[in-house]
Amino acid sequence: MHQGPDPFHFLQSPKTLQQEVAARMRRLRLDLNYTQEALALRSGVSLGSLRRFESTGEISFRGLVNLLMALNRTEELGSLFAPAPPVNLFAKVPPQRQRASKRKQ
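It should be emphasised that the depicted structure is a prediction, and the values quoted were computed from it without experimental measurement.

This part covers unusual backbone geometry. At Asn-33, a residue that is not glycine, the phi angle is positive and equals roughly 65°. As for its position among the elements, Asn-33 is in the loop between helix H1 (14-31) and helix H2 (36-43). Even without being a glycine, Asn-72 presents a positive backbone phi close to 60°. Relative to the helices and strands, Asn-72 resides in the loop between helix H4 (61-70) and helix H5 (75-78). The exposed category is assigned to Asn-72, whose relative accessible area is 62%.

So this is what it looks like as C-alpha cells:
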C-alpha cells in the first residue's frame, strides 16, 4: 500500500532520491504503455541514456526535462522550487489535548 511521500526525504542520500525519481518515471512510462524505445524516440533522449536513468537514476537535467515533456508532465517542474508558505510566528498554537487523569475516590 502506498503511504504518500516520505516525510524524512531530506535524510535520504542523493543517490536514493535519484533512484526514487527514476522509479517514478519508469512507473509513469509503464502506466502509459510506452516501451523504452518509444519514449526515447518521442523525447529525443538516447535509448542508452533512458536505460541508464531507469537503472541508476543518472540523467542530465536536459534529458529529464525532455522526458517530462514527452510524458506531458512539465507542470511538476513548476512546483520544484515553489516558495514555501509564509509562517506566522505570532499565531497562537492550539494547546494539545491531554488525557484526563483518573481520580481517586
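In this section: a nonpolar patch on the surface. Taken together, the side chains of Phe-61, Leu-80 and Phe-81 present a nonpolar region at the surface, about 400 Å² in accessible area. Following the sequence through the fold, Phe-81 ends up in the segment after H5. Look at Phe-81 and you get exposed, because its relative accessible area is 73%.

Cut-offs applied
- Residues numbered from 1 in each chain as written.
- Predicted model: local features only at pLDDT ≥ 70, side-chain atom pairs only at ≥ 80, totals over all residues.
- Heavy atoms only, no water.
- Helix = DSSP H or I, 4+ residues; strand = E, 2+ residues; numbered from the N terminus.
- Buried < 20%, exposed > 50% of the residue type's maximum accessible area, 1.4 Å probe, protein only.
- Patch = residues over 30% accessible without salt bridge, like charges linked within 9 Å, V, L, I, M, F, W, Y side chains within 5 Å.
- Areas by Shrake-Rupley, 256 points an atom, 1.4 Å probe, with all protein chains shown as cover.
- Salt bridge = Lys/Arg side-chain N within 4 Å of Asp/Glu carboxyl O.

From the geometry alone we can't say anything about function, so treat these as descriptive.
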